[in-house]
Amino acid sequence: MGDGESDDGHRLGNYLRARRELVSPAQVGLPTGGRRRVPGLRREEVALLAGISPDYYLRLERGRDKNPSPQVLESLARVLQLDDIERAYLLDLAAARPRAPRRKRSEHVPARVYELLAHLQIPAFVEGRAFDVLASNPMALALSPRLRPGQNRLRSLLLDPEEQAFHQDWTKATADFIATLRTTIGDDIDNPRFVELVGELALSSQRFRTLWARHDVRSLDGGTTTVHHPVVGDLRLHRDKLPIGDVILVVYYPDKDSDSDEKLRLLAALAHTGSTADQTPAGRPDASSDRPTRS
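Residues numbered from 1 in each chain as written. Predicted model: local features only at pLDDT ≥ 70, side-chain atom pairs only at ≥ 80, totals over all residues. Heavy atoms only, no water.

Draft legend 1. Spotlight on the overall build of the chain. Across its full length, the chain carries 13 helices and 5 strands. Counting over 295 residues, the chain shows a buried share of 45%. Counting only contacts in the chain whose residues sit at least 6 apart along the sequence, the fraction spanning at least 24 positions is 57%. Of the roughly 15,100 Å² of accessible surface on the chain, 52% is carried by carbon and sulfur atoms. (Helix = DSSP H or I, 4+ residues; strand = E, 2+ residues; numbered from the N terminus. Buried < 20%, exposed > 50% of the residue type's maximum accessible area, 1.4 Å probe, protein only. Contact = heavy atoms within 4.5 Å. Areas by Shrake-Rupley, 256 points an atom, 1.4 Å probe, with all protein chains shown as cover.)

Draft legend 2. Molecular detail of the packing of helix α10 (residues 170-185) against helix α11 (residues 192-204). Between α10 and α11, the shortest axis-to-axis distance is 11 Å and the interhelical angle comes to 150°. One element, α10, and the other, α11, form an angle in the roughly antiparallel class. By crossing handedness, the relation of α10 to α11 is classed as left-handed. Of the residues in α11, those in contact with Leu181, Thr184 and Ile185 of α10 are Phe194, Leu197 and Val198. Of the residues in the contact of α10 with α11, the class split is 5 nonpolar, 1 polar and no charged. (Axes fitted to C-alpha atoms, helices over the stretch in contact; angles between N-to-C directions. Parallel < 35°, antiparallel > 145°, perpendicular 65-115°, else oblique. Left-handed = near helix turned anticlockwise from the far one by under 90°. Nonpolar A, V, L, I, M, F, W, Y, C, P; charged D, E, K, R; others polar.)

Draft legend 3. Expanded view of the packing of aromatic side chains. Going through the model one piece at a time under the given rule, you end up with 4 aromatic pairs. A cation over a ring is seen here: Arg146 above Phe166, with NZ or CZ 5.5 Å from the ring centre. The residue whose ring lies beneath Arg182 is Trp212, and the NZ or CZ to ring-centre distance is 3.9 Å. (Phe/Tyr/Trp six-rings, centres within 6.5 Å; stacked < 30°, edge-to-face > 60°. Lys NZ or Arg CZ within 6 Å of the ring centre and 35° of its normal.)

Draft legend 4. Region of the structure containing helix α2 (residues 43-50). Listing the buried residues of α2 in full gives Glu45, Val46, Ala47 and Ala50. At the exit of α2 stands Gly51, carrying a positive phi of roughly 75°.

Draft legend 5. Representation of the packing of α2 against helix α4 (residues 70-79). The interhelical angle for the contact between α2 and α4, taken along N-to-C directions, is 115°, at an axis separation of 9 Å. Between α2 and α4 lies a crossing of right-handed hand. Touching Val46, Leu49 and Ala50 of α2 are Ser75, Leu76, Arg78 and Val79, all from α4. Its residues assigned to classes, the contact of α2 with α4 shows 5 nonpolar, 1 polar and 1 charged.

Draft legend 6. Molecular detail of the confidence of the model for the chain. Residues with a pLDDT of 70 or more make up 87% of the chain, whose mean pLDDT is 88. Here residues 287-295 scores under 50 on pLDDT; set against residues more than four positions off or in separate chains, the count is 17 contacts. (pLDDT = per-residue confidence, 0-100.)

Draft legend 7. Representation of the sheet that holds strand β1 (residues 124-127) within the structure. A sheet is described by the order of its strands in space; here 5 strands give the open sequence β2-β1-β5-β4-β3, paired in antiparallel fashion. Strand pairing shows two members of the sheet lacking a second neighbour, β2 (133-136) and β3 (223-229), which therefore form its edges. Averaged over all pairs of adjacent strands, the angle between their axes in this sheet comes to 30°, without regard to strand direction. Sheet topology places β3 next to strand β4 (residues 233-244); 7 bridges connect them, and they run antiparallel. For Val227, the partnering residue across the bridge sits in β4 and is Leu235. Helix-sheet contacts for helix α13 (residues 259-273) involve β3 and β4, and the interaxial angle to β4 is about 80°. (Pairing = 2+ DSSP bridges.)

And the structure:
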């Protein structure tokens, strides 16, 4: 994967440098005057605040020391003002572990999940670890045609103008998705699907390149979002992600009896009258197939 991330030491160093550049001197109580040639903190400032030598910190950033002690990592996490998820990511980067060759695993949607999708009357779909849509119900497609199996949610978010207009806060959505992808990848950096997706988006999206370089990590699980549907207007929806084996069931639903609830029922009626009565979830294979074709 790019950014020199095929080596554990370089991954740790890249992460430390990226986070250092995001912390201002004022945030850690240092004077802010004078010309500064680097964004954020200088290396020697991080070392001083963490109680380690500048030379040792330089070795960490350059990937020359791959096994710092937990005490050093905790001190760096404090100086860099990492939250719990970022701190855990830092500790995981530095954990010494041999990486055995991984077998390529197909992402399989269990048959029972198709039955569940067929019964849900709210937008629901199944996604893989790289945001590939693997299956979806009719309400998901009524909400967004980009939720059709074979689509990739992150690619659509970054490159599809209709998906960009769909999100009320596109800036936050892209930051959340990209940070979540980095968290999901973890040390699985040689996974062919991750390599393929990161390479494609690094070439095609400046927004991706900018955010990927920040090394943000985040968990995109439950939450509330507002989307703009071209027919029924704004919808305020809650989101939950439910792991099922190697895949994730994602559901969107409004507050009961809210304006968005009424709009979602209208959308369901329009979707039903505008198509056949077939309510079969999209993505159900006619023959054995573990992975949809990505467009």
